[in-house]
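# Descriptive structure summary
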Amino acid sequence: MEHTAQMSNRAGRWRLYVVLLGGLVSRWPEHDFGLTATVPTVAERSRALAALGFVFTDGAEWNWIEDCETHGDDTSPVLLLASIRVCSRDGGTS
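All of the points below concern the structure found in this document. These numbers come from a predicted model, not from an experiment.

Parameters and conventions
- Residues numbered from 1 in each chain as written.
- Predicted model: local features only at pLDDT ≥ 70, side-chain atom pairs only at ≥ 80, totals over all residues.
- Heavy atoms only, no water.
- Helix = DSSP H or I, 4+ residues; strand = E, 2+ residues; numbered from the N terminus.
- Contact = heavy atoms within 4.5 Å.
- Buried < 20%, exposed > 50% of the residue type's maximum accessible area, 1.4 Å probe, protein only.
- Arc of directions from axis to C-beta.

## Describing the environment of W62
Locating W62 in the fold gives a position in the loop between β4 (54–56) and β5 (63–68). Along the sequence, W62 and S83 sit 21 residues apart, while their C-alpha atoms lie 5.6 Å from each other. Apart from the residues within four sequence positions on either side, W62 is in contact with A5, M7, L16, V42, R45, F56, A82, S83 and I84.

This is the structure we're talking about:
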């Protein structure tokens, strides 16, 4: 079963989580990269996902979007969101 992994940054902390439909957000597998001035590398994201029990699906690539925190105000900071398709490392639903 495929899932979407997402990564976002708030207050200098990058957080990676796997969206599990039909489950509570509080139960989504999550990894916090801690305070960092740089975006975690693809290798760091891959290791974090593996530790959560997931791997990238074949041919998957990270997609980045900007989300304005204050819609309609182009002077406000944006929230960067990244997503990628993943599946359970063991083929189950994780």
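There is more to say after this.
## Section: the environment of P29
Relative to the elements of secondary structure, P29 occurs in the loop between β2 (13–19) and β3 (30–35). In contact with P29, other than residues within four places in its own chain, are L16, Y17, V18, L20, L52 and F54.

## Thoughts on helix α1 (residues 42–52)
Those residues of α1 that fall on the buried side of the exposure criterion are R45, A48 and L49. In a view along the axis of α1, the buried residues occupy a sector of 100 degrees, so they form one face of it. Residues of α1 that are exposed and point more than 90 degrees away from the buried face comprise R47 and A51. Within two residues after α1, G53 carries a phi angle of roughly 95 degrees, on the positive side.

## Concerning the side chain of S8
Here S8 shows up in strand β1 (residues 2–10). Judged by relative accessible area, S8 falls into the buried class, the value being 7%. What S8 contacts, discounting residues up to four positions off in sequence, is R13, W14, R15, Y17, L79, L80 and L81.

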